[in-house]
Amino acid sequence: MFRFIVRRLLQLIPTLFGLSLLLFIWLRRLPGGPETAILGERGTPEMRAAIRRNMGLDEPILVQYGRFVRRMIKLDLGTSTSTKRAVTTEFIERFPGTVELTITAMIIAIGVGIPLGYLAARRRGRFLDHASVGGSLIGICIPVFFLGYVLKAIFSENLHWFPSSGRQDPTLGATRVTNFFVLDGLMTREWDAAADALWHLVLPSIALASIPLAIIVRITRASVLEVLNEDFVRTAEAKGLTQQTVRRRHVLRNAMLPVATSIGLLAGGLLSGAVLTETVFAFSGIGAFVAEAIGQRDYPVLMGFILIIAVVYVLVNLLVDLSYSFIDPRVRVR
């Protein structure tokens, strides 16, 4: 197991190297160069020359790349041209909100999607099967931002069941420790603050979870149907094992490999997809900040966002790879 984990970790090195190379090339290929991205169209030639000299853009390309990699390793992502603050500081303040939103959306998608997909496969051709397949198709077709506006109009503005914006009621005066509002409420035993933060997460999480939920339902259903027709399942039933044992030990376990793969791919997409959801619900996470950065051509923020999302994506898929070895021990020896 240890060798398997080490081998997977070593495979991250070329991935991260390729990512750093792509980011470096992208920055150098910006229209007018990085100095124009910082100064805008109104920068004078003298100002551009000063920026190039200060940033080391007049040095050999390999020296520039080496300095770029060192900055990335130190998490020095530069300064935002719109807020004039360090990009790393901005991300530390805002990223916890996006992580809370993404984790809640994944809990909804996995917690509902896998049981629903399994039950749909077990009741193939019945009402539940048709309803889950039709519902998942609708979930995939509806854009996240449109579903967000619909949920907001119905449950916030008309029924007043859930808040329409923000991460927490500011009048509570909650104590901040980690900027994960739910976790902070639990750590400080401010239960009302934790409950209020969870209440603010409900609608954005449902909107963000809609597409992953639909995909997980369909993949789980198809995977379970395939496993149910395998010879080893019929053999297990013929040996007299109980239905519960056959389902847990033989059906679900063997059907989970493609589901785990899809969850890993969807988790990274959720982080980047949170941009629209956070904008609709005025949720103060990294998504809304990046949406503003796109409009203002704040390239240091965009570069930091791409880097962090890519690293998180790689780490999530590493966890998925590790989960294979627990679901199917044969993976460890391949």
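Remember, it's a predicted structure, so these values are computed and weren't measured experimentally. (Residues numbered from 1 in each chain as written. Predicted model: local features only at pLDDT ≥ 70, side-chain atom pairs only at ≥ 80, totals over all residues. Heavy atoms only, no water.)

(A) Examining the overall build of the chain more closely. Helix and strand counts for the chain stand at 13 helices and zero strands. The linear arrangement of helices and strands in the chain, starting from the amino end, is α-α-α-α-α-α-α-α-α-α-α-α-α. Overall, the chain is about 85 × 55 × 40 Å in size when its C-alpha atoms are taken along their principal axes. Here the chain holds 334 residues, and the buried ones make up 41% of them. Counted over contacts in the chain with a minimum sequence separation of 6, partners at least 24 positions apart contribute 72%. Accessible surface for the chain amounts to roughly 18,200 Å². Of this, 65% is attributable to carbon and sulfur atoms. (Helix = DSSP H or I, 4+ residues; strand = E, 2+ residues; numbered from the N terminus. Buried < 20%, exposed > 50% of the residue type's maximum accessible area, 1.4 Å probe, protein only. Contact = heavy atoms within 4.5 Å. Areas by Shrake-Rupley, 256 points an atom, 1.4 Å probe, with all protein chains shown as cover.)

(B) Summary view of the packing of helix H1 (residues 2–28) against helix H4 (residues 61–73). Packing of H1 against H4 brings their axes to within 11 Å, and their N-to-C directions diverge by 120°. As judged from the angle between their axes, H1 and H4 are oblique. Between H1 and H4 the crossing geometry is right-handed. Residues Phe17, Ser20, Leu21, Leu23, Phe24, Leu27 and Arg28 of H1 form the contact with H4, whose own contacting residues are Ile61, Gln64, Tyr65, Phe68 and Val69. Of the residues belonging to the contact of H1 with H4, the class tally is nine nonpolar, two polar and one charged. (Axes fitted to C-alpha atoms, helices over the stretch in contact; angles between N-to-C directions. Parallel < 35°, antiparallel > 145°, perpendicular 65-115°, else oblique. Left-handed = near helix turned anticlockwise from the far one by under 90°. Nonpolar A, V, L, I, M, F, W, Y, C, P; charged D, E, K, R; others polar.)

(C) Quick look at the nonpolar core. Counting residues in hydrophobic clusters, the biggest one holds 25 residues, and the most contacted among them are Phe68, Phe91, Ile286 and Phe305. Broken down by secondary-structure element, the contributors of at least two residues to this core are H1, H4, helix H5 (87–122), helix H11 (243–280), helix H12 (286–295) and helix H13 (299–327). In this structure, this core is formed jointly by two domains, domain 1 (1–74) and domain 2 (88–331), each of which donates at least three residues. Once you skip the residues sitting within four places of it in the chain, Phe91 turns out to touch Pro96, Ile286, Phe289, Val301, Gly304, Phe305 and Ile308. (Core = buried A, V, L, I, M, F, W, Y, C linked by side-chain atoms within 4.5 Å. Domains from an automatic or database assignment.)

(D) Looking closely at the side chain of Ser20. Looking at the element boundaries, Ser20 is found in helix H1. Within the local environment of Ser20, its side chain forms a polar contact with the backbone oxygen of Phe17, the two atoms lying 2.7 Å apart. Separated by 2.7 Å, the side chains of Ser20 and Tyr65 make a polar contact. If we ignore the near neighbours within four places in the chain, the residues touching Ser20 are Tyr65, Phe68 and Val69. (Polar contact = N/O pair within 3.5 Å; in protein donor to acceptor, adjacent residues only side chain to side chain.)

(E) Examining the UniProt feature "transmembrane region" (unreviewed entry) in the chain more closely. UniProt feature "transmembrane region" (unreviewed entry): in the numbering of this structure it lies at residues 9–27, 101–121, 133–155, 197–217, 257–290 and 302–327. Split by type, residues 9–27 is 100% helix and 0% strand. Its first and last C-alpha atoms lie 28 Å apart. Segment residues 302–327 splits into 100% helix and 0% strand. End C-alpha atoms: 37 Å apart. (UniProt positions renumbered as here; feature names shortened; annotations may be inferred.)

(F) Summary view of unusual backbone geometry. You will see that Arg189, though not glycine, has its phi angle at about 60°, which is positive. Mapped onto the elements, Arg189 comes out in the loop between helix H8 (181–187) and helix H9 (191–228). Residue classification places Arg189 among the exposed residues on the basis of a relative accessible area of 65%. Its identity is not glycine, yet Ala282 carries a phi of approximately 45°, on the positive side.

(G) Geometry of the packing of aromatic side chains. Under the criterion given, the structure shown has four aromatic pairs. When the ring centre of Phe181 is taken as reference, the NZ or CZ atom of Arg176 above it lies at 3.7 Å. (Phe/Tyr/Trp six-rings, centres within 6.5 Å; stacked < 30°, edge-to-face > 60°. Lys NZ or Arg CZ within 6 Å of the ring centre and 35° of its normal.)

(H) Molecular detail of the packing of H5 against H13. Running from N to C, H5 and H13 point in directions that differ by 55°, and their axes come no closer than 10 Å. Classified by the angle their axes make, H5 and H13 are oblique. The interaxial crossing formed by H5 with H13 has right-handed handedness. Contacts from Val87, Phe91 and Phe95 in H5 reach Pro300, Val301, Gly304, Phe305, Ile308 and Val312 in H13. When the residues that make up the contact of H5 with H13 are grouped by side-chain class, the tally is eight nonpolar, one polar and no charged.

(I) Broad picture of the domain arrangement of the chain. The domain architecture assigned to the chain consists of domain 1 (1–74) and domain 2 (88–331). Taking only C-alpha atoms into account, the centre of domain 1 sits 32 Å from that of domain 2. Opposite the 17 residues of domain 1 that make contact, domain 2 presents 16 residues. The contact between domain 1 and domain 2 buries some 1,600 Å² in all, and 86% of this surface belongs to carbon and sulfur atoms. Linking domain 1 with domain 2 are zero residue pairs in polar contact (both at pLDDT 80 or more). Among the elements of the structure, H1 and H4 are those that each provide at least two residues to the side of domain 1 that touches domain 2. A total of eleven residues in the side of domain 1 that touches domain 2 trace back to one element, the largest contributor, which is H1. Each residue belonging to the side of domain 1 that touches domain 2 can be placed in one class, and the counts come to 14 nonpolar, one polar and two charged. (Buried area = accessible area lost by both parts, 1.4 Å probe.)

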